[in-house]
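One-letter residues, chain by chain:
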Amino acid sequence: MSVDDVGFMKEALVLARQAEEAGEVPVGAVLVWENGVIGRGANRPIAACDPTAHAEMEALREGARRLGNYRLPGTTLYVTLEPCIMCAGAIIHARVRRLVFAAADPKTGAAGSVFDVFASGRVNHMVAVEGGLLADESASLLRSFFRARRMAK
């Protein structure tokens, strides 16, 4: 992992905090192409009344609009939580080159925790996957969010 990787993940963590402030699960994503950010996303399924409004999906949508193409070859997606199956599928279909995630998701993770969609060898595009970058910071943010929700009940 490079210094740039850390910087992009820190930007994704800022977006995760914004999602938390909006009452959403704190997940953020940044899509990078040619060392510049072309897409950003913060979780917003509640606000959007849209089950597909995950941070990854938001970043992919913005990046596709900016590039004018639904294919995103040569891009890297940084996300603060291991993607779910839906997001993993979208990452593959978009032809993202590389995925970097922070915290593993032991309940719905599809990059090695529960499933490993990327390593199945049965998909038509291979994505390089790296996990664990700033994992402690991301996991701490998620734990405090869910702890506060449990206490509020």
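Residues numbered from 1 in each chain as written. Predicted model: local features only at pLDDT ≥ 70, side-chain atom pairs only at ≥ 80, totals over all residues. Heavy atoms only, no water.

Another point: the pattern of salt bridges. Overall, the coordinates contain 6 salt bridges when judged by the stated rule. A salt bridge links E58 to R44; the nearest nitrogen and oxygen atoms lie 3.1 Å apart. Here E58 is found in helix α3 (residues 55-67), whereas its partner R44 is found in the loop between β2 (36-42) and α2 (45-48), with 14 residues between them in sequence. Judged by relative accessible area, E58 falls into the buried class, the value being 15%. Residue classification places R44 among the partly exposed residues on the basis of a relative accessible area of 37%. In this structure, R61 and E58 form a salt bridge, with 2.9 Å as the shortest nitrogen-oxygen distance. Residue R61 and its partner E58 are both found in helix α3; the two are separated by 3 residues, about one turn of the helix. (Salt bridge = Lys/Arg side-chain N within 4 Å of Asp/Glu carboxyl O. Helix = DSSP H or I, 4+ residues; strand = E, 2+ residues; numbered from the N terminus. Buried < 20%, exposed > 50% of the residue type's maximum accessible area, 1.4 Å probe, protein only.)

Helix length check: helix α5 (residues 135-152), at 18 residues, gives a terminal C-alpha distance of 26 Å against a target of 26 Å (1.5 Å per residue), a fit within 8%. Regarding α5, the residues found buried are A135, S138, A139, L141, L142 and F145. Axial view of α5: buried residues confined to an arc of 160°, hence all on one face. Among the exposed residues of α5, those oriented more than 90 degrees off its buried face are D136 and M151. (Expected span 1.5 Å × (residues − 1). Arc of directions from axis to C-beta.)

Most of the time, phi is negative for any residue but glycine, and the peptide bond is trans. Phi angles above zero are rare outside glycine, and E34 is one such case at about 50°. Relative to the helices and strands, E34 resides in the loop between β1 (28-33) and β2. For E34, a relative accessible area of 64% translates into the label exposed. We note that N35 has phi near 65°; this positive angle belongs to a residue other than glycine. In this fold, N35 is placed in the loop between β1 and β2.

Turning to the packing of aromatic side chains, a few remarks are in order. The full count for this structure, using the stated rule, is 2 aromatic pairs. Consider the rings of F8 and Y78, whose centres lie 5.3 Å apart with planes at 40°: the pair is tilted. On the criterion of sequence distance, the pair formed by F8 in helix α1 (residues 3-21) and Y78 in strand β3 (residues 75-81) is long-range, its members being 70 residues apart. Here F8 matches Y78 in class, with each residue buried. Summarising the aromatic geometry, the rings of F145 and F146 are spaced 5.1 Å apart at their centres and angled 80° between planes, so their arrangement reads as edge-to-face. Given the relative accessible area of 33%, F146 is considered partly exposed. (Phe/Tyr/Trp six-rings, centres within 6.5 Å; stacked < 30°, edge-to-face > 60°.)

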